[in-house]
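# Examining the three-dimensional arrangement
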Amino acid sequence: THNDNELIIAYTSTLDFTNETKKKKIKELISYFLKKEATLYLKRRLTELAHQYGFIYHSVKINGAHTRWGSCSVKKQINLSYYLMLLPDELIDFVLVHELCHTRIMNHGVEFKQLMQHIFPDYATLTKSLKEQHTL
């Protein structure tokens with residue numbers, strides 16, 4: 001579950017983390033539940049932020065991308081990696097707003113950065129913090 005800046009994954013004390021087959025199965029199970037939780041939380045949070053800042057998007061999909069936190073198409077379709085759930089809430093919101101900003105501006109130019117800085121005055125610090133994450 002995702003509560004108060006925590007993602008809690010419970011398992012039995014007898015779970016064997018040394019067997020390669022079991023490790024693969026454990027990873028699959030964690031990914032399954034991470035995606036399930038992300039689908040609930042990220043979709044809800046994206047809707048809240050879009051409403052709060054006046055953005056409009058057409059759809060959102062949750063995936064297991066390892067190379068990017070999110071993306072936004074010209075049709076305002078947002079894709080989010082369920083690995084976002086492993087980030088602190090502030091960085092989750094930062095990525096969600098980043099993708100929402102792309103519904104208006106499809107590049108990372110000056111206008112985009114100004115919009116992000118308007119919402120997140122500490123834009124540069126958050127950008128650096130996000131780049132320091134080793135989750136993906």
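Look above for the structure.
Moving on, we come to the packing of aromatic side chains. Per the counting criterion, the structure on display carries four aromatic pairs. Aromatic side chains Tyr32 and Phe33 sit 4.9 Å apart centroid to centroid with 85 degrees between the ring planes, which places their arrangement in the edge-to-face category. Relative accessible area serves as the criterion here: at 48%, Tyr32 is assigned to the partly exposed category. Put simply, the rings of Phe94, Phe120 and Tyr123 touch in pairs and so form one group of aromatic residues. The ring of Phe55 carries the charged tip of Arg104 above its face, separated from the ring centre by 4.1 Å.

Turning our eyes to something else, we now look at the sheet that holds strand 3 (residues 59-63). Strand pairing within a sheet occurs via backbone hydrogen bonds; the two strands may be parallel or antiparallel. Reading across the sheet, the three strands line up as 3-5-4 and stay open at both edges, with mixed pairing between neighbours. Looking along the sheet, the strands with just one partner apiece sit at the ends: strand 3 and strand 4 (70-72). Put simply, the sheet's adjacent strands are angled 15 degrees from each other on average, direction ignored. Across three bridges, the pairing between strand 4 and strand 5 (residues 77-81) is antiparallel. Bridge pairing in strand 5 places Ser71 opposite Asn79. Running at roughly 150 degrees to strand 3, helix 1 (residues 20-53) makes contact with strand 3 and strand 5 of the sheet. Sitting on the sheet, helix 2 (residues 89-101) touches strand 4 and strand 5, and the angle it makes with strand 5 is about 155 degrees.

Glancing now at the pairing of strand 3. Covered by surrounding structure in strand 3 are Val60 and Ile62 only, the residues Ser59, Lys61 and Asn63 on the alternate face being uncovered. Direction of pairing for strand 3 relative to strand 5: parallel, over a ladder of five bridges. Counterpart to Ile62 in the pairing with strand 5 is Leu80.

Before going further, it helps to spend a moment on the nonpolar core. One finds Leu42, Ile78, Leu80, Leu84, Leu100, Cys101 and Met116 to be the most contacted residues of the largest nonpolar core, which totals 37 residues. Counting only elements with at least two residues in this core, the list comes to helix 1, strand 3, strand 5, helix 2, helix 3 (110-119) and helix 4 (123-131). Residue contributions to this core peak at eight residues, all from helix 2. Residues in contact with Ile78, not counting those within four places in the same chain, are Leu46, Tyr57, Ser59, Val60, Lys61, Ser71, Cys72, Glu99, Leu100 and Thr103.

Before going further, it helps to examine a nonpolar patch on the surface. A contiguous nonpolar surface patch, about 310 Å² in accessible area, is contributed by Tyr11, Leu15 and Phe17. Looking at the element boundaries, Phe17 is found in the loop between strand 2 (6-7) and helix 1.

Among the secondary structure elements, Leu87 is positioned in the loop between strand 5 and helix 2. In this structure the C-alpha to C-alpha distance between Leu87 and Gln133, which are 46 residues apart in sequence, comes to 8.0 Å.

It is worth spelling out the state of the cysteines at this point. One pass over the full model with this rule turns up zero disulfides. The thiol of Cys72 is unpaired, and the distance to the nearest cysteine sulfur, on Cys101, comes to 9.9 Å. For Cys101, a relative accessible area of 0% gives the class buried.

Rules used throughout
- Residues numbered from 1 in each chain as written.
- Predicted model: local features only at pLDDT ≥ 70, side-chain atom pairs only at ≥ 80, totals over all residues.
- Heavy atoms only, no water.
- Phe/Tyr/Trp six-rings, centres within 6.5 Å; stacked < 30°, edge-to-face > 60°.
- Buried < 20%, exposed > 50% of the residue type's maximum accessible area, 1.4 Å probe, protein only.
- Lys NZ or Arg CZ within 6 Å of the ring centre and 35° of its normal.
- Pairing = 2+ DSSP bridges.
- Helix = DSSP H or I, 4+ residues; strand = E, 2+ residues; numbered from the N terminus.
- Axes fitted to C-alpha atoms, helices over the stretch in contact; angles between N-to-C directions.
- Contact = heavy atoms within 4.5 Å.
- Core = buried A, V, L, I, M, F, W, Y, C linked by side-chain atoms within 4.5 Å.
- Patch = residues over 30% accessible without salt bridge, like charges linked within 9 Å, V, L, I, M, F, W, Y side chains within 5 Å.
- Areas by Shrake-Rupley, 256 points an atom, 1.4 Å probe, with all protein chains shown as cover.
- Salt bridge = Lys/Arg side-chain N within 4 Å of Asp/Glu carboxyl O.
- Disulfide = S-S within 2.5 Å.

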